[in-house]
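Chain by chain, the residues run as shown.
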Amino acid sequence: MTTNLYQIGMGLRSIRRRRKMLWIVIGIYFPQIWLTIEFSGSNTAVTIVFIVWFIMLWNCVMLVAFAKCPSCDNYFHIKSFFPTYHKRHCLHCGLSLRADLDSKSI
Ligand SMILES: [Zn+2]
């Protein structure tokens, strides 16, 4: 169990960055597919864009799922088998995702 506030802050920033990247990748799905259909009209192009997007999504999902809590060193989003991305606190020690921003709550 880490109590170093600097390390906890760095770890939480990393988790927030990964989560933000995941939501951005999810959010660009429809615009990029729509733009690909609009400008190319090719099924092959749409398939390639989808595969590239899916690989990016898979990488982001894995990065978020296996992010470790900077306080207790367990997986931040996984307690049993399935990751729960919507939780904004560690499923093991309860550390808030914004604990470093909401100072003195660590
Ligand atoms: Zn924890």
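Since this is a predicted model, take the numbers as computed values, not measurements.

Undergrad: Account for the overall build of the protein chain, naming residues and giving values.
TA: Of regular secondary structure, the protein chain possesses three helices and zero strands. The secondary structure elements of the protein chain, listed N-terminal to C-terminal, are α-α-α. Relative to a compact globule of 106 residues, whose C-alpha radius of gyration would be 13 Å, the protein chain shows 17 Å and is clearly more extended. Along the first, second and third principal axes, the C-alpha set of the protein chain runs to 55 × 30 × 20 Å. Per-residue burial for the protein chain yields a buried fraction of 14% across its 106 residues. Long-range pairs, those at least 24 residues apart, make up 43% of the contacts in the protein chain with a sequence separation of at least 6.

Undergrad: Now, about helix 1 (residues 5–27): what can you tell me, with residues and values included?
TA: End to end, helix 1 covers 32 Å across 23 residues, agreeing with the expected 33 Å (1.5 Å per residue, within 8%). Three or more residues of helix 1 are buried, namely Gly11, Leu12, Ile15 and Leu22.

Undergrad: Go over the packing of helix 2 (residues 29–39) against helix 3 (residues 43–65), please, and point to the residues and values.
TA: Viewed as axis vectors pointing N to C, helix 2 and helix 3 meet at an angle of 160°, and their least axial separation amounts to 9 Å. Judged by the angle between their axes, helix 2 and helix 3 are roughly antiparallel. Two packed elements cross with a definite hand, and for helix 2 against helix 3 that hand is right-handed. Across from Tyr29, Gln32, Ile33, Thr36 and Ile37 in helix 2, the residues of helix 3 making contact are Ala45, Val46, Val49, Phe50 and Trp53. The residue makeup of the contact of helix 2 with helix 3, split by class, is eight nonpolar, two polar and no charged.

Undergrad: Help me get a handle on unusual backbone geometry, residues and values and all.
TA: We note that Asp73 has phi near 70°; this positive angle belongs to a residue other than glycine. Residue placement: Asp73 occurs in the segment after helix 3. Of the residues examined, Asp73 has 13 C-beta atoms within 10 Å and is grouped as partly exposed.

Undergrad: If you had to explain the environment of His77 to someone new, which residues and values would you point to?
TA: Along the polypeptide, His77 turns up in the segment after helix 3. His77 gets classed as buried once you count the C-beta atoms within 10 Å, which come to 22. Separated by ten residues in the primary sequence, His77 and Lys87 have C-alpha atoms spaced 7.2 Å apart. Residues in contact with His77, not counting those within four places in the same chain, are Val64, Ala65, Ala67, Pro83, Thr84, Tyr85, Lys87 and Leu91.

Undergrad: So, the environment of Gln7: which residues are in play, and what are the values?
TA: With respect to the helices, strands and loops of the structure, Gln7 is situated in helix 1. For Gln7, a count of 12 C-beta atoms within 10 Å corresponds to the exposed category. Along the primary structure Gln7 and Cys60 are separated by 53 residues, whereas in three dimensions their C-alpha atoms are 22 Å apart. Non-local contacts of Gln7, meaning those with residues more than four positions away in its chain, are made with Thr2 and Pro70.

Rules behind the numbers
- Residues numbered from 1 in each chain as written.
- Predicted model: local features only at pLDDT ≥ 70, side-chain atom pairs only at ≥ 80, totals over all residues.
- Helix = DSSP H or I, 4+ residues; strand = E, 2+ residues; numbered from the N terminus.
- Rg over C-alpha atoms; globule rule 2.2 N^0.38 Å.
- Buried ≥ 20, exposed ≤ 12 C-beta atoms within 10 Å, placed from the backbone.
- Contact = placed C-beta atoms within 7 Å.
- Expected span 1.5 Å × (residues − 1).
- Axes fitted to C-alpha atoms, helices over the stretch in contact; angles between N-to-C directions.
- Parallel < 35°, antiparallel > 145°, perpendicular 65-115°, else oblique.
- Left-handed = near helix turned anticlockwise from the far one by under 90°.
- Nonpolar A, V, L, I, M, F, W, Y, C, P; charged D, E, K, R; others polar.

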